[in-house]
Amino acid sequence: MWFELGVIYLAALSIADFSLFNYIGFDPRVSYIEFSVISGLWSAAFISTSELLGRLADRGEHRSLALISTAAIGTSAALFTLSRGSVALLGAAYLFHAVSTASANLAFSTSLFELSPAETWESRTSVQRLGLYSIRGVGLLALAMIAPLVGVAGPVAAVLFTGTLVGLTFLTSLTPSLPLLERRLNKVLNNLASLRSYSASLAAFVGGRYGVLYSLSSSLWERSRSPMRVALSASFAAFVGDYFLTALPLYLRASDVTFRGYSLAFGVAGVVTAGALVFVDVAPAETWLAATLVGARGAWMSLGLGVARGIAGLTLYLVPSYALFASIDLQLYRIFVRRSSGYGVHSYAILKEMGSLTGSFVGGVAILAGPLVFLGLPLSASAASALLLLMT
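Since the model is a prediction, treat every value here as computed from it, not as a measurement. (Residues numbered from 1 in each chain as written. Predicted model: local features only at pLDDT ≥ 70, side-chain atom pairs only at ≥ 80, totals over all residues. Heavy atoms only, no water.)

A.B. asks: Give a description of helix 2 (residues 32-58) that names residues and reports values.
C.D. replies: Its 27 residues place the ends of helix 2 39 Å apart at the C-alpha level, agreeing with the 39 Å of an ideal helix rising 1.5 Å per residue. The axis of helix 2 is deflected most strongly, by about 40°, at leucine 52. (Helix = DSSP H or I, 4+ residues; strand = E, 2+ residues; numbered from the N terminus. Expected span 1.5 Å × (residues − 1). Bend = angle between axes of the 7 residues up to and from the residue.)

Written out as structure tokens, the structure is:
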């Protein structure tokens, strides 16, 4: 039961993220610079929380992490209710949402790695992503239908308070920490496999069968397969995503797209993405495939931006962008978990969010620098992300 509730909770936080972020973004009282700063501070809060709580995750303290997350989203809901148009309180509410999201991700990941057999990690990760995008898509479609009837602020507050209730339910479903050895055993087995490879190389070197070049190349190859290189690639990919997510509401202010239309387009994209993940799930988690997806997404998000005019054009732009992002996210995370045995997921999250942080700060400002700079930055970041994967 904890797994299903955890998926629902992460989806609720994702809907809350979209709602609060774009409520601020479509507010004409918020300047381009203020919006970029608020977005960047969200990433900074996420990084700080992941770093501070990362040791709790590695120690298996999933209940403590879930408690912190629930308290933070409750605080966010209260601050939003009290904001009444105050940019400072809206920003504070969004920062507490960042704390909640970071600790919820760690709580769910820790529960997954500690409470599930290692052979189910990849399949359960795929199911979690599929559930998240399905629920998020349907939730955003519902938000788009309700907003014109009752206004935007009410539904946003309802999403935040609903997230708090789901968080409490998720927390109560988690069993107390036990001396669970699944993840530790998996890491030991991976280390033994590496030790056997090292011993074989050393024996070959001593025996003179392959010589120094073989030993050096084997050592360099193993180092190049470090999961941290995968995490760095994810950081560049996240830069591209948040770069455009920050710029889009500002880009669309001059158009006839409203908060309702924006929610509708993202809702459709979320539902389509959930269907696409069914096919991605059966594909192998390989670096060459992930690199191809990264390159395709960077090219489309940069060069296809011109079609994002009106609700139909925006939906056409978002569907492939969102589907490619979800596919890349799933592929890179599965590769990272396989190579790290689930340890250091907070480091993966921190590197990824550093890319988001940079993209958030730069996206709102680069839109003022002209099309060459605005489109050239995400293309370069996509190329760097793909290259890191091909070198891994």
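Back to the write-up after that little detour.
A.B. asks: How would you summarise the pattern of salt bridges if you had to cite specific residues and measurements?
C.D. replies: According to the stated counting rule, one finds two salt bridges in the structure shown. Across the pair arginine 129 and aspartate 329 runs a salt bridge whose closest N-O atoms are separated by 3.1 Å. Remark: aspartate 329 occurs in helix 12 (residues 310-340) and arginine 129 occurs in helix 5 (residues 121-150); sequence separation between them is 200 residues. A single burial state applies to arginine 129 and to aspartate 329, both of which are buried. Across the pair aspartate 329 and lysine 352 runs a salt bridge whose closest N-O atoms are separated by 2.7 Å. One end of the pair, aspartate 329, is in helix 12; the other, lysine 352, is in helix 13 (residues 345-366), and 23 residues separate them in sequence. Of the residues examined, aspartate 329 reaches a relative accessible area of 9% and is grouped as buried. (Salt bridge = Lys/Arg side-chain N within 4 Å of Asp/Glu carboxyl O. Buried < 20%, exposed > 50% of the residue type's maximum accessible area, 1.4 Å probe, protein only.)

A.B. asks: Outline the nonpolar core, supporting the account with residue identities and numerical values.
C.D. replies: It is characteristic of soluble globular proteins that their nonpolar side chains tend to be buried jointly. By size, the foremost hydrophobic cluster in this structure holds 104 residues, and its most contacted members are Phe80, Leu248, Tyr262 and Leu314. Broken down by element, the residue count for this core peaks at 15 residues, all from helix 1 (residues 2-25). (Core = buried A, V, L, I, M, F, W, Y, C linked by side-chain atoms within 4.5 Å.)

A.B. asks: Lay out the packing of helix 3 (residues 62-83) against helix 6 (residues 153-173) in plain terms, naming residues and giving numbers.
C.D. replies: Where helix 3 contacts helix 6, the two axes come as close as 9 Å, and the packing angle between them is 160°. Regarding the angle of helix 3 to helix 6, the classification is roughly antiparallel. Crossing of helix 3 against helix 6: the hand is left-handed. For the pair helix 3 and helix 6, contact is made by Arg63, Ala66, Leu67, Thr70, Ile73, Gly74, Ser76, Ala77, Ala78, Phe80 and Thr81 and by Ala153, Val156, Ala157, Leu160, Phe161, Gly163, Thr164, Gly167, Leu168, Phe170 and Leu171, respectively. Among the residues making up the contact of helix 3 with helix 6, the classes are represented as 14 nonpolar, seven polar and one charged. (Axes fitted to C-alpha atoms, helices over the stretch in contact; angles between N-to-C directions. Parallel < 35°, antiparallel > 145°, perpendicular 65-115°, else oblique. Left-handed = near helix turned anticlockwise from the far one by under 90°. Contact = heavy atoms within 4.5 Å. Nonpolar A, V, L, I, M, F, W, Y, C, P; charged D, E, K, R; others polar.)

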